[in-house]
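Notes for the structure review
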Amino acid sequence: MCSTAEIIDVVSSHQFALIKKDGKWEQIENSGRRRAEKEAIQATKKLGIYL
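Residues numbered from 1 in each chain as written. Predicted model: local features only at pLDDT ≥ 70, side-chain atom pairs only at ≥ 80, totals over all residues. Heavy atoms only, no water.

Let us now look at the environment of Val11. Mapped onto the elements of the fold, Val11 is located in helix H1 (residues 4-13). Val11 sits 35 residues away from Lys46 along the chain, and the two C-alpha atoms are 30 Å apart. Here Val11 is in contact with Ala17, Ile28 and Asn30, once residues within four sequence places are set aside. (Helix = DSSP H or I, 4+ residues; strand = E, 2+ residues; numbered from the N terminus. Contact = heavy atoms within 4.5 Å.)

What follows is the structure in structure tokens.
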């Protein structure tokens, strides 16, 4: 078992985490990180840099 603080720490420092809920695995995605990645991609495209 993990505490709420430990779960938040894992999710905030990683792209996603897996949890087991009602016997099934679920993925929790870090939406802030995903949003930052999209913004970085858009910024590089505006500068003419394609990765």
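Looking now at helix H2 (residues 31-46). Since the α-helix advances by 3.6 residues per turn, residues separated by three or four positions end up pointing in the same direction. Across its 16 residues, H2 extends 23 Å between first and last C-alpha, which sits within 8% of the 22 Å expected from 1.5 Å per residue. Residue Gly48 follows H2 closely and has a positive phi angle near 80°. (Expected span 1.5 Å × (residues − 1).)

Another aspect to go through is the confidence of the model for the protein. For the protein, per-residue confidence averages 81 on the pLDDT scale, and residues scoring 70 or more make up 96% of the total. Taken element by element, the predicted model of the protein shows its lowest mean pLDDT in H1 (79) and its highest in strand S2 (residues 24-29) (86). (pLDDT = per-residue confidence, 0-100.)

Attention now goes to the pairing of strand S1 (residues 16-21). Sheet topology note: the S1/S2 ladder contains 6 bridges and is antiparallel. Counterpart to Lys21 in the pairing with S2 is Lys24. Where S1 folds back on S2, the antiparallel hairpin that results is connected by 2 residues, among which Asp22 adopts a positive phi of roughly 55°. (Pairing = 2+ DSSP bridges.)

Let us now look at the environment of Ser31. Here Ser31 is to be found in helix H2. The exposure class assigned to Ser31 is partly exposed, which follows from its relative accessible area of 35%. Here the alpha-carbon distance between Ser31 and Gln15, two residues 16 residues apart in the chain, equals 8.3 Å. (Buried < 20%, exposed > 50% of the residue type's maximum accessible area, 1.4 Å probe, protein only.)

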